Amino acid sequence: MTNKIKYFIGNWKMFGDFRSFKIVLKIHQLYSRLLVSKNNNKIVLCVPNTLISIFANKIKSKFIKIGAQDCHYHEKFGPYTGKISANMLKNVGAEYIILGHSENRHDGDTNLQIKKKIESALKANLKVIFCVGETYKQKKNKKTFISIKKQILESIDKKFNFNNILIAYEPVWSIGSGRIPKSLELNQVIKFIKKESKKLFKMKKYPFVLYGGSVNDKNISIFSAITEIDGFLIGGASQTPKKFIDIIKNYYK
Ligand code: PGA
């Protein structure tokens, strides 16, 4: 069930301006010097829409890809004030997109809307980072598995191209809070997502499942012991080049 490739994906959220390109460059420089097998890692920085084009054009790194953080579900152009389609994001240089992040679910994204977004992102040839995760209340009520299964069932379709979907398990209570799941529980959830998805959608192989929520350069050693985790979605620590690179470095320690 363990995949060789590991993803280290930064979610910059609503932070950054043109000057932040120096962060991207620094990440590139530090990563180039790292003594890890670079073929095994994929680094993606999901930046605000305003920065995708400029970063994607400027970064001449074979290591770093640029991604977006959300899109409208409508496929191309349309009367949707303030919105942007997956196709438009692809056209300015995004290669990945985060969909279903809990911050967007909190703002009203439903499982069905997320499904439509995934569909249009896949049509636009973007790789999708599909986020799932339970709230603290659901965890307390022992509803973790059931709530994740519902999110997956209602947002994934068996006709999707699973080669272009990564699932990110992000417990809502862990995002930005400094709290992380217990290793045993995390291991169980990651395995559950892999097995259930494969079974539900008759996938040929297990999907990539990442973990996200308060990942940093210190606690990464806890996560690296769980080999089923195929990578990380990193919020806060992804805008500090040293911290981001130390996560990768310490992962292999
Ligand atoms: P965090 O955010 O690493 O700051 O907890 C993760 C995310 O929101 O994807």
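Rules and cut-offs
Every chain is numbered on its own, with residues counted from 1 as its sequence reads. Selection of residues for local features in this predicted model requires a pLDDT of at least 70, selection of side-chain atom pairs for listing and counting requires 80 or more, and totals for whole chains, interfaces and linings are taken over all residues. Side-chain metrics in this entry use all non-hydrogen atoms of the structure; hydrogen atoms and water are not considered. Take a side-chain nitrogen of Lys or Arg and a carboxyl oxygen of Asp or Glu: if they are within 4 Å of each other, that pair is a salt bridge. Strands are runs of DSSP state E lasting at least 2 residues, helices are runs of H or I lasting at least 4, and numbering of each runs from the N terminus. Structural elements are reduced to axes, namely lines fitted to C-alpha atoms, with helices fitted over the stretch in contact, and the angle between N-to-C directions of any two is expressed from 0 to 180 degrees. A clockwise turn of the near helix away from the far one marks a right-handed crossing, whereas an anticlockwise turn of less than a right angle marks a left-handed crossing. Here, two residues are considered to be in contact whenever any of their heavy atoms come within 4.5 Å of each other. Amino acids are sorted into nonpolar (Ala, Val, Leu, Ile, Met, Phe, Trp, Tyr, Cys and Pro), charged (Asp, Glu, Lys and Arg) and polar (every other residue, Gly among them). For Phe, Tyr and Trp, rings pair up if their centres lie within 6.5 Å, where Trp contributes its six-membered ring, and each pair is then called stacked (planes under 30 degrees apart), edge-to-face (over 60) or tilted (otherwise). For every residue, the accessible area obtained with a 1.4 Å probe (protein chains only) is divided by the maximum for its type, and the residue is called buried under 20%, exposed over 50%, and partly exposed between those limits. We define proximity as follows: a residue is near a molecule or strand when any one of its heavy atoms falls within 4 Å of that partner. Here a polar contact is taken to be a pair of N or O atoms separated by no more than 3.5 Å, where protein atoms must pair a possible hydrogen donor with a possible acceptor and residues adjacent in sequence count only if both atoms sit in side chains. Throughout, the Shrake-Rupley method with a 1.4 Å probe supplies accessible areas, and for residues the shown protein chains are the sole cover considered. In what follows, roughly perpendicular refers to angles from 65 to 115 degrees, roughly parallel to angles under 35, roughly antiparallel to angles over 145, and oblique to any angle outside these ranges.

I would appreciate a short explanation of the pattern of salt bridges in the present structure.
Pairing of side chains with opposite charge becomes possible as their charged atoms draw close. In the structure shown here, the tally under the stated rule is 17 salt bridges. One salt bridge in this structure joins Lys13 and Glu103, with 2.9 Å as the shortest N-O distance. You can see Lys13 sitting in the loop between strand S1 (6–11) and helix H1 (21–33) and its partner Glu103 sitting in helix H4 (residues 102–106), a full 90 residues away along the chain. Salt bridges here are not isolated pairs; linked through shared partners, they connect Lys115, Glu119, Asp157 and Lys159.

For this particular structure, what's the right way to read the packing of H1 against helix H10 (residues 241–251)?
Think of two packed helices as two axes; the pair is described by the angle between the axes and how far apart they sit. It is at 9 Å that the axes of H1 and H10 come closest, and there the two elements cross at 35°. The element H1 and its partner H10 pack so that their crossing is right-handed. Contacts between H1 and H10 involve Ile23, Lys26, Ile27, Leu30 and Tyr31 from the former and Pro241, Lys242, Phe244, Ile245 and Ile248 from the latter. Counted by class, the contact of H1 with H10 contains eight nonpolar, no polar and two charged residues.

Mind showing me how you'd approach the packing of aromatic side chains here?
When we look at a pair of aromatic rings, we describe it by the centre distance and by the angle of the planes. A complete count under the given rule lists 14 aromatic pairs for this structure. Relative to Tyr251, the ring of Phe8 lies with its centre 5.7 Å away and its plane at 80°, an arrangement referred to as edge-to-face. Of this pair, Phe8 sits in strand S1 while Tyr251 sits in helix H10, and the two are 243 residues apart along the sequence. Ring centres of Phe162 and Phe201 lie 5.9 Å apart, and the angle between their planes is 35°; on these two criteria the pair is classed as tilted. Taken together, the residues Phe162 in the loop between helix H7 (144–155) and strand S6 (165–169) and Phe201 in the loop between helix H8 (183–200) and strand S7 (208–212) connect sequence positions 39 residues apart. For the pair shown, Phe162 and Phe201 are each scored as buried. Among the aromatic residues, ring-to-ring pairing joins Phe8, Tyr169, Tyr211, Phe223, Phe232, Tyr251 and Tyr252 into one connected group.

I keep staring at the site of the ligand and nothing clicks. Help me out?
Every residue lining the ligand is accounted for by Asn11, Lys13, His101, Glu170, Ile175, Gly176, Gly213, Ser214, Leu233, Ile234, Gly235 and Gly236. Gly176 is positioned with one of its backbone polar atoms (N or O) 2.7 Å from an oxygen atom of the ligand. Here an oxygen atom of the ligand and a backbone polar atom of Gly235 are 2.9 Å apart. Relative to its unbound accessible area of 280 Å², the ligand is 95% covered by the protein chains. Taken together, the residues of the shell around the ligand sort by class into three nonpolar, seven polar and two charged.

What should I look at first to understand the packing of helix H5 (residues 111–123) against H7 in this one?
Here H5 crosses H7 at 50°, and the two axes come no closer than 8 Å. Taken together, H5 and H7 sit at an angle that is classed as oblique. Crossing hand, H5 versus H7: right-handed. Residue-level inspection shows Asn111, Leu112, Ile114, Lys115 and Ile118 of H5 in contact with H7, the latter providing Lys150, Gln151, Glu154 and Ser155.

I would appreciate a short explanation of the side chain of His72 in the present structure.
With respect to the helices, strands and loops of the structure, His72 is situated in the loop between strand S3 (64–68) and helix H3 (86–91). For His72, a relative accessible area of 11% corresponds to the buried category. In this structure the side chain of His72 is engaged in a polar contact, spanning 2.9 Å, whose partner is the backbone nitrogen of His74. If near-sequence neighbours (up to four positions away) are discounted, His72 is found in contact with Tyr80, Lys83, Ile84, Ser85, Ala86, Lys117 and Ser120.

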